[in-house]
Amino acid sequence: MIKLMKATLALGAFLSVPTMADTYTISGGLMGLDVSIPPFGMKSVQFNPSPTGIEESHFYLDVNPQTGEVSMLQGSYLILSDFEASVRFLGTTKADVINTSVEFLNLTGGIVDDSRRLKVTSGNASPSVRVDPTIVNCSGLFCSLLTSSNMNLSSYTLDITFSEDFSSFSGSFDGFTSEGSHTKAEVSGLRSDMD
């Protein structure tokens, strides 16, 4: 409970949401992460549980069912459930990842196609998505890499399909850091405010 209160207070500064937004509560979570381990290239980070869950979320979209236009609005954020991350290379490096907040900064939008699919890619920014984890209880050769890695995303692609009445969606999220690390997530959203 204390962890959730701390994360909520930390996010309070950027929550500014227009009243016209449809609010979707997202479930799902991170499926995978590839990080760069110089000079050995990209190595996969495993999650336990896999995928890790989403503890709290408010994802603000302005959806126009008549025109198919969808815009992401300021204030969208997630708080991830705690999870264990491990990278198996020259032994296994493990760490607990806690208090992870995810804030969407570079907002995007697009048009839903005839099958109600929306696929949008953000422009590059510094960052497009701010990811703020706390890494504790690390053991193994690559702890310094895990604790020093920049997890902020410079760009992302959101690929989702809405239900017929736009009350829910499901799909995937792919993000890239400025260092080329790749984050994958599965997402599903349920509209909580019926405007």
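Residues numbered from 1 in each chain as written. Predicted model: local features only at pLDDT ≥ 70, side-chain atom pairs only at ≥ 80, totals over all residues. Heavy atoms only, no water.

1. What to know about the side chain of S128
Note the following rule: The secondary structure listing takes helices from DSSP runs of H or I that are at least 4 residues long and strands from runs of E that are at least 2 residues long, numbered from the N terminus. Residues adjacent in sequence count toward polar contacts only when both atoms are side-chain atoms; beyond that, a polar contact is any pair of N or O atoms within 3.5 Å, and within protein one must be able to donate a hydrogen and the other to accept it. Contact definition: two residues touch when any of their heavy atoms are within 4.5 Å.
The residue S128 is located in the loop between β9 (117-121) and β10 (129-139) in this model. Within polar-contact distance, the side chain of S128 engages the backbone oxygen of G123 at 3.1 Å. Within the structure, S128 has its side chain in polar contact with the backbone oxygen of S154 (distance 2.8 Å). Residues contacting S128, with those up to four places away along its chain left out, are E103, F104, L105, N106, S122, G123, L153, S154, S155 and Y156.

2. Quick notes on the pairing of strand β1 (residues 22-36)
The cut-off we apply is this: Two strands pair under a simple rule: DSSP has to find at least two bridges between them.
The pairing of β1 with strand β3 (residues 54-64) spans 3 bridges and is classified as antiparallel. Pairing of Y24 across the sheet is with F59, part of β3. The pairing of β1 with strand β13 (residues 182-191) spans 10 bridges and is classified as antiparallel. Looking at the pairing, L33 lines up with T183 of β13. Taken together, the 4 bridges between β1 and strand β2 (residues 42-48) define a ladder with antiparallel strand orientation. Looking at β2, one finds that L33 is bridged to V45. A loop of 5 residues connects β1 with β2, the two strands running antiparallel in sequence, and G41 in this loop sits at a positive phi of about 85°.

3. Details of the pattern of salt bridges
Which entries qualify depends on this criterion: Each salt bridge in this description consists of a side-chain nitrogen of Lys or Arg and a carboxyl oxygen of Asp or Glu lying within 4 Å of one another. For each residue, the accessible area found with a 1.4 Å probe, counting protein chains only, is set against the maximum for its type, and the residue is called buried under 20%, exposed over 50%, and partly exposed in between.
If you walk through the whole model with that rule in mind, you get 2 salt bridges. Notably, a salt bridge pairs R130 with E103, separated by 2.9 Å at the nearest N-O pair. Highlighted residues: R130 in strand β10 and E103 in strand β7 (residues 92-104), separated in sequence by 27 residues. Accessibility expressed as a relative area gives 9% for E103, which makes it buried. Its salt-bridge partner being D159, residue R117 comes within 2.6 Å of it at the nearest N-O pair. Of the two residues, R117 sits in strand β9 while D159 sits in strand β11 (residues 155-162), which places them 42 residues apart along the sequence. Looking at R117, the relative accessible area reads 34%, which means it is partly exposed. In this structure D159 comes out as buried when scored by relative accessible area, which is 16%.

4. Examining the state of the cysteines
What counts here: In what follows, a disulfide is any cysteine sulfur pair within 2.5 Å.
Taken as a whole and assessed by the stated rule, the structure comprises 1 disulfide. Between the sulfur atoms of C138 and its disulfide mate C143 the distance is 2.2 Å. Measuring handedness by torsion sign, the sulfur bridge of C138 and C143 sits at about -100° and is left-handed. Residue C143 is classed as buried on the basis of its relative accessible area, which comes to 16%.

5. Here we look at the environment of R130
Take R130: its relative accessible area is 37%, and that puts it in the partly exposed class. Sequence separation between R130 and V102 is 28 residues, and the spatial gap between their C-alpha atoms is 5.7 Å.

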